[in-house]
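One-letter residues, chain by chain:
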Amino acid sequence: MHIEVIANIGEARSDEFLHKTVIVVDVLRATSTIITALMNGSKGVVPVDTVIKAKELAREGDLLGGERYCKKIPGFDFGNSPLEYTREVVQGKRIILTTTNGTRGIQKAIKADRVLAGAIINGKASAAAAIDLKRDTVIVCAGTQDVFSLEDGLCAGLILNEIAILLGEQHMITNDFGLAMRGCYLEAKDHLLETILSCSNGKKMKKSGFLADVELCAKTNSAECVPVLENDQMVPFGR
Ligand SMILES: O=C(O)[C@H](CS(=O)(=O)O)OP(=O)(O)O
Ligand SMILES: [Mg+2]
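Residues numbered from 1 in each chain as written. Chains lettered and ligands numbered in written order. Predicted model: local features only at pLDDT ≥ 70, side-chain atom pairs only at ≥ 80, totals over all residues. Heavy atoms only, no water.

Looking at the coordination of the magnesium ion (ligand 2)
Step number 1: Every protein donor of the magnesium ion (ligand 2) is accounted for by Asp26 (OD) and Leu28 (O), and the metal-donor separations fall at 2.0 to 2.2 Å. Comparing Asp26 with Leu28, the two get one shared label, buried. (Donors = N, O, S within 2.8 Å, 3.2 Å for Na, K, Ca; no water. Buried < 20%, exposed > 50% of the residue type's maximum accessible area, 1.4 Å probe, protein only.)

So, in structure tokens, the structure goes:
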């Protein structure tokens, strides 16, 4: 199985996704938030790239979520903290979500055969879903405003490592960036939270009061849910 890892959305070329599975990874925090909302019973998360589109799409009964500069958008129900998306508030609800990087990355992957949302919390489940889909796979690290973010690279390394465990080492073929990210993950896996808190997004989140979000987002393989894009909304894979 071929798995290419791309360092940030700016480096992604959407035409190269045709006939492939794309796993979009935005550990802090969009894909962790989408996974959490679906695990808590949301009936679907619609990822959009702009605030205007989010407002246009929202219908009676929908919830609006998202951030700009890490802060909740004025007039929206929620920001981009996974901790806000509790079962009490999201069960049975459709959520329209717009964030700076993650939802933009999902939109950019739209030409893929299948688009999955990966994060550290569902790394193993994402690996298993990509194997099930039997396609060449691209892991797109969302990054932050078209610059690489280490937490996304560590997650790509985790997914590659899980694929190698599930398929056997000789069946997991990746590019040089993927090899590097797997090495980083293997070095950091026993102190993942500390590593994420030492990188630029982790520091920014902690400074902005979101330490508990980083703690949740760094819990390796704590979630079974893998969001997949179907008819413009993310729903649990294999539902
Ligand atoms: O809210 C977040 O965690 C980030 C904000 S920023 O772009 O890193 O400032 O958005 P995301 O789209 O989840 O990366
Ligand atoms: Mg991010």
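Quick look at the pattern of salt bridges
Any two side chains of opposite charge can pair, on the condition that their charged atoms come close.
Step number 1: Inspection of the entire model under this criterion finds nine salt bridges.
Step number 2: With a shortest N-O distance of 2.8 Å, Arg94 and Asp62 are connected by a salt bridge. Here Arg94, found in strand 6 (residues 94–98), pairs with Asp62, found in the loop between helix 2 (51–57) and strand 4 (63–68); they are 32 residues apart in sequence, far enough to count as distant. Here the two residues Arg94 and Asp62 agree in accessibility, since each one is buried.
Step number 3: The closest approach of N and O atoms between Asp146 and Arg104, which form a salt bridge, is 3.5 Å. Linking Asp146 in the loop between strand 8 (137–141) and helix 6 (150–167) with Arg104 in helix 4 (residues 102–108), this pair joins segments that are 42 residues apart in sequence.
Step number 4: The class for Arg104 is partly exposed, based on a relative accessible area of 26%. (Salt bridge = Lys/Arg side-chain N within 4 Å of Asp/Glu carboxyl O. Helix = DSSP H or I, 4+ residues; strand = E, 2+ residues; numbered from the N terminus.)

Digging into the confidence of the model for the protein
Step number 1: Residues of the protein with pLDDT of at least 70 account for 100%, and the chain-wide mean is 97.
Step number 2: Among the scores for the predicted complex, ipTM is 0.97 and pTM is 0.98. (pLDDT = per-residue confidence, 0-100.)

Overview of helix 5 (residues 123–133)
Step number 1: With respect to burial, helix 5 is a largely interior element, eight of its 11 residues being buried.
Step number 2: By the burial criterion, the buried members of helix 5 are Gly123, Ala125, Ser126, Ala127, Ala129, Ala130, Ile131 and Leu133.
Step number 3: Buried residues along helix 5 sit against strand 2 (21–25), strand 7 (114–118), strand 8 and helix 6.
Step number 4: Positive phi shows up at Lys134, right after helix 5, with a value of about 55 degrees. (Contact = heavy atoms within 4.5 Å.)

Comments concerning the side chain of Glu151
Step number 1: Locating Glu151 in the fold gives a position in helix 6.
Step number 2: Buried Glu151, no salt bridge; nearest opposite-charge side chain is Lys204, N-O distance 7.6 Å.
Step number 3: At 2.7 Å, the side chain of Glu151 and the side chain of Asn201 are in polar contact. (Lys, Arg positive; Asp, Glu negative; His and termini not counted. Polar contact = N/O pair within 3.5 Å; in protein donor to acceptor, adjacent residues only side chain to side chain.)

Looking at unusual backbone geometry
Glycine aside, a negative phi is what most residues show, and trans is what most peptide bonds show.
Step number 1: A cis amide bond links Leu28 to the next residue, Arg29, at an omega of -5 degrees.
Step number 2: With a phi close to 55 degrees, Lys134 is a non-glycine residue in the positive phi region.
Step number 3: In this fold, Lys134 is placed in the loop between helix 5 and strand 8.
Step number 4: Non-glycine residue Asn221 carries a positive phi angle of around 55 degrees.
Step number 5: Positionally, Asn221 belongs in the loop between helix 10 (211–217) and strand 10 (227–230).
Step number 6: By relative accessible area, Asn221 is classed as partly exposed at 26%.

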